[in-house]
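Below, each chain spelled out in residue letters.
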Amino acid sequence: MKYHPMIYQALDYIETHLEEELTLEQVAAAAGFSKYHFHRIFLEQVGASVTDYSRSRRLASASALLLYTSEDIIQIAFRSRFESQEAFTRAFKKEYGMPPGRYRKLMESVLYTQDQREENKKMNDKNQVKGWILSGADPSLYEIGMDRETVHRGKVSGYLKSVSATSETQFATIMQQFRSDKYKGKRIKLSAFIQVEKVSAFAGLWMRIDNAAGDTMQFDNMSDRPIQGTASWNLYSIVLDVPSDSASISFGVLLTGQGKVWMDNFAFDIVDERTPSTNMQIGGELRDEPENLSFEE
């Protein structure tokens, strides 16, 4: 967790220089670390080297250019920092399972048929995203869906956006819930890549651990480190302990007020006590005696 500010800086630097040359030395310098120390930390936190991560992000951007622009493939290849169309084709095929020309034709036929447009509209109208639900205090004021144009890695991302929210007290969340059996007695880290646009109040990851009675045992919603305004893709995480008597884990992304949030690449990892908990739930063990009774400490 102590490295997260450095990771934020590094990922932000990569996002703003995707169409430029990127070296490990440059990204490490932007984060304020030596390249050798930085490489180890980046690999540990992000799960990929700077080179592999940058290539994956460029290919994701290229996939959107193929679908939503008429740029020639060779132009997209050069914009994506590949030395030739052939090299771009090899990398793209490895990532997406087909060459860019075929991807463009296939996906355009899927995206732009009348039947598919109507089906996409029905899906958005019903707020249906496989595995996810729309919840919160004011779900009718928000919408969830899938986006093929704004993608972190792969072919799609999820989104949560305000449709008619007017107050910063209104909020909704895109969420899931599952049994905690696999993680009981362990400390887990939930991480995801998030991008935001015109978030008026705040957005953030959240995770909650409940017992069988529905009581909250551990909780964090990033309210002490909110994502606000407009910001490109970055990595965020929450770390909580899963008590042995827990029953369920709920998690998702929340949006308070107006704006739009994209999310992608959620991951759960078991970590040790060297990774500090972000638990915000009031509680814990009782002290032996009261303290600071005069408020002078």
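Here we summarise the structure given alongside this text. (Residues numbered from 1 in each chain as written. Predicted model: local features only at pLDDT ≥ 70, side-chain atom pairs only at ≥ 80, totals over all residues. Heavy atoms only, no water.)

Considerations on the packing of helix H4 (residues 50-68) against helix H6 (residues 85-96)
The angle between the axes and the distance between the axes are what describe a pair of packed helices. The condition is simple: Every axis in this analysis is a line fitted to C-alpha atoms, fitted for helices over the stretch in contact. Angles between the N-to-C directions lie between 0 and 180 degrees. Secondary structure elements follow DSSP: runs of H or I no shorter than four residues count as helices, runs of E no shorter than two count as strands, and numbering proceeds from the N terminus. Throughout this description, any angle smaller than 35 degrees is read as roughly parallel, any larger than 145 degrees as roughly antiparallel, any in the 65 to 115 degree range as roughly perpendicular, and the remainder as oblique. Contact criterion: two residues are considered in contact whenever any of their non-hydrogen atoms come within 4.5 Å of each other. Under the grouping applied here, Gly and all other residues not named as nonpolar or charged are polar, the nonpolar ones being Ala, Val, Leu, Ile, Met, Phe, Trp, Tyr, Cys and Pro and the charged ones Asp, Glu, Lys and Arg.
It is the contact of H4 with H6, at a shortest axis distance of 11 Å, that shows an interaxial angle of 95 degrees. Between H4 and H6, the interaxial angle falls into the category roughly perpendicular. Here Ser 56, Leu 59, Ala 60, Ala 62, Ser 63 and Leu 66 of H4 lie close against H6, whose contacting residues are Phe 88, Ala 91, Phe 92, Glu 95 and Tyr 96. A breakdown of the residues in the contact of H4 with H6 according to their chemical character gives eight nonpolar, two polar and one charged.

A short note on the nonpolar core
Counted only if it meets this: We define a nonpolar core as any set of buried Ala, Val, Leu, Ile, Met, Phe, Trp, Tyr and Cys residues linked to one another through side-chain atoms lying within 4.5 Å. Partly exposed residues are those whose accessible area sits between 20% and 50% of the maximum for their type, while under 20% is buried and over 50% is exposed, using a 1.4 Å probe and protein chains only.
Judged by nonpolar contacts, the single largest core of 33 residues is most densely connected at Tyr 142, Leu 160, Ile 194, Leu 205, Met 207 and Val 261. Those elements that place two or more of their residues in this core are strand E2 (142-147), strand E4 (171-179), strand E5 (186-211), strand E7 (227-242), strand E8 (246-256) and strand E9 (260-271). Ranked by the residues each element gives to this core, the list is headed by E5, at 10 residues. Dropping the residues within four chain positions of it, Val 261 is found in contact with Gly 158, Tyr 159, Leu 160, Ile 194, Gln 195, Val 196, Val 199, Ala 203, Val 253 and Leu 255. Counting residues in hydrophobic clusters, the runner-up holds 22 residues, among them Val 27, Ala 31, Val 50 and Leu 235.

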